[in-house]
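One-letter residues, chain by chain:
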Amino acid sequence: MELRQLEHFVTVAEEQHFTRAAERLAVSQSGLSASVRALEQELRTPLFSRTTRSVRLTEAGRALLVEAVRTLAGARAARDAVDAVRGLLRGTLTVGVEQCVAGVSPARLLAAFHREHPHMEIRLRQEGTMSLLDGVADGRLDLAFAATVSPLEWRGELIPLATEEMVVLCAAGHRFAGLPGVEWGALPEESFIDFHPDWGPRRAADAAFASAGVRRTVALEVNDVHSLLELVQEGLGIAVVPRHFARKPEAARLVALDLVAPEATGPGSGPRPARYESVVVLPPQRATSPGARALVSLVTSARERDEE
């Protein structure tokens, strides 16, 4: 069993199509098919269920996929470690990122990394936080910039980036627009616009509503912040989002309001503050790639400069 065969197998599994996988790998389709067939013959079992339009993993294929991803990640880490000893970073750095993560600009950060390490290939994946955690855990991602991650959810390393309050965003004509703030008790009657449950801002909002004991209806779910802001502008609902969303140019005509907790009646009473927390997600230190450590070093340096 060769690493090249495992790479071919994983790519076909991800694309669920031999032609697309061959194009992605820049190999001939016949060569790719032969490679997968040789792997199946070695393992003495079919790895894919093939049709004229697509391929699906068999039970044996699903079992192999988990280990194949780990093996390829380990091989990349071994090559990167040798290059790092030689003082040269090569290979691939695969980064996952939540959209609109606070405390860092992924574009500027990756540009700085590319200038310092031009021989490293950078790959970027934008996904929701739970998908990012899975990606770092199984080796698909070297590290991730995520949001609202509980220490109970992650046994690797978490590096805090930023913490900010959540605010209510509404259109200028909404009944909340002229208020100094919005109390939790006024929210159940509203219709909400939010992200799908996997995204960090939605996770933060859901946690805040649960803490406050307030139920809400999310009528419109989106996958990007620009759509959310546009829907709020059209008066189709309100949103509870990280404060920095309100500073985006697309939010210029929207009204941002603080969430006002009811007065506490005793120690520990009342909901916890609604906060959005951004973090860098890393695997356990022994599994962290040299490229990931170099990128984290840039994050740390940038934060130290900002604090001076």
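Attention in this report is confined to the structure presented alongside it. (Residues numbered from 1 in each chain as written. Predicted model: local features only at pLDDT ≥ 70, side-chain atom pairs only at ≥ 80, totals over all residues. Heavy atoms only, no water.)

Buried within helix H6 (residues 129–137) we find Thr129, Leu132, Leu133, Gly135 and Val136. When H6 is viewed along its axis, its buried side chains cluster within an angular range of 160 degrees and face the same direction. Gly139, located one to two residues past H6, shows a positive phi value of around 90 degrees. (Buried < 20%, exposed > 50% of the residue type's maximum accessible area, 1.4 Å probe, protein only. Helix = DSSP H or I, 4+ residues; strand = E, 2+ residues; numbered from the N terminus. Arc of directions from axis to C-beta.)

Moving on, we get to the packing of helix H1 (residues 3–15) against helix H2 (residues 18–25). Running from N to C, H1 and H2 cross one another at 125 degrees; their axes reach a closest spacing of 8 Å. By the criterion of interaxial angle, the relationship of H1 to H2 is oblique. Crossing hand, H1 versus H2: right-handed. Note on element contacts: H2 touches H1 through Phe18, Arg20, Ala21, Arg24 and Leu25, opposite Glu7, His8, Thr11, Val12, Glu14 and Glu15. A per-class count over the contact of H1 with H2 returns 4 nonpolar, 2 polar and 5 charged. (Axes fitted to C-alpha atoms, helices over the stretch in contact; angles between N-to-C directions. Parallel < 35°, antiparallel > 145°, perpendicular 65-115°, else oblique. Left-handed = near helix turned anticlockwise from the far one by under 90°. Contact = heavy atoms within 4.5 Å. Nonpolar A, V, L, I, M, F, W, Y, C, P; charged D, E, K, R; others polar.)

The packing of two helices is summarised by the inter-axis angle and the distance between the axes. Relative orientation of the contacting elements H2 and helix H3 (residues 29–43) amounts to 105 degrees, with a least axis distance of 9 Å. Accordingly, the angle class assigned to the pair H2 and H3 is roughly perpendicular. Contacts between H2 and H3 involve Phe18, Thr19, Ala21, Ala22 and Leu25 on the former and, on the latter, Gln29, Leu32, Ser33 and Val36. In terms of residue class, the contact of H2 with H3 is made up of 6 nonpolar, 3 polar and no charged.

Attention now moves to the pattern of salt bridges. Applying the stated criterion across every chain yields a total of 18 salt bridges. In this structure, Glu14 and Arg24 form a salt bridge, with 2.5 Å as the shortest nitrogen-oxygen distance. With a gap of 10 residues between them, Glu14 in helix H1 and Arg24 in helix H2 connect regions that are remote in the sequence. Here Glu14 falls in the partly exposed class, since its relative accessible area comes to 40%. (Salt bridge = Lys/Arg side-chain N within 4 Å of Asp/Glu carboxyl O.)

This part covers unusual backbone geometry. The phi dihedral of Arg44 falls on the positive side, at around 60 degrees, and the residue is not glycine. Secondary-structure assignment places Arg44 in the loop between H3 and strand E1 (48–50). The phi dihedral of Cys100 is positive, around 60 degrees, even though this residue is not glycine.

One ladder, built from 7 bridges, connects strand E3 (residues 91–97) with strand E4 (residues 120–126); its direction is parallel. Bridge assignment links Gly91 to a residue of E4, and that residue is Met120. Once the chain exits E3 it traverses helix H5 (residues 106–116) before rejoining the sheet at E4, and the crossover so formed is right-handed. (Pairing = 2+ DSSP bridges. Right-handed = clockwise from strand over helix to strand, strands pointing away.)

The next thing to look at is the environment of Glu67. For Glu67, the position within the fold is in helix H4 (residues 59–85). Classification of Glu67 as partly exposed rests on a relative accessible area of 42%. For the pair Glu67 and Leu6, spaced 61 residues apart in the sequence, the C-alpha separation amounts to 9.6 Å. Of note is the side chain of Glu67, whose polar atom sits 3.3 Å from the side chain of Arg70. (Polar contact = N/O pair within 3.5 Å; in protein donor to acceptor, adjacent residues only side chain to side chain.)

With that settled, consider helix H7 (residues 200–212). For H7, with 13 residues, the first-to-last C-alpha span of 18 Å sits near the 18 Å given by 1.5 Å per residue. All of the buried residues in H7 are Gly200, Pro201, Arg202, Arg203, Ala204, Ala205, Ala208 and Phe209. Following H7 by one or two positions, Gly213 adopts a phi angle in the positive range, close to 70 degrees. (Expected span 1.5 Å × (residues − 1).)

Aromatic ring pairs are reported here in terms of the distance separating the ring centres and the angle at which the planes meet. Scanning the model with the defined rule gives 5 aromatic pairs in all. Note on Phe18 and Phe48: the rings are 6.1 Å apart at their centroids and 70 degrees apart in plane angle, and the pair reads as edge-to-face. Of the two residues, Phe18 sits in helix H2 while Phe48 sits in strand E1, which places them 30 residues apart along the sequence. Using a relative accessible area of 4% as the deciding quantity, one classes Phe48 as buried. Seen in terms of ring centroids, Trp184 and Phe209 are 5.1 Å apart; in terms of plane orientation they differ by 90 degrees. Their pairing is edge-to-face. (Phe/Tyr/Trp six-rings, centres within 6.5 Å; stacked < 30°, edge-to-face > 60°.)

Remember that the coordinates give geometry; whether it matters functionally is a separate question.
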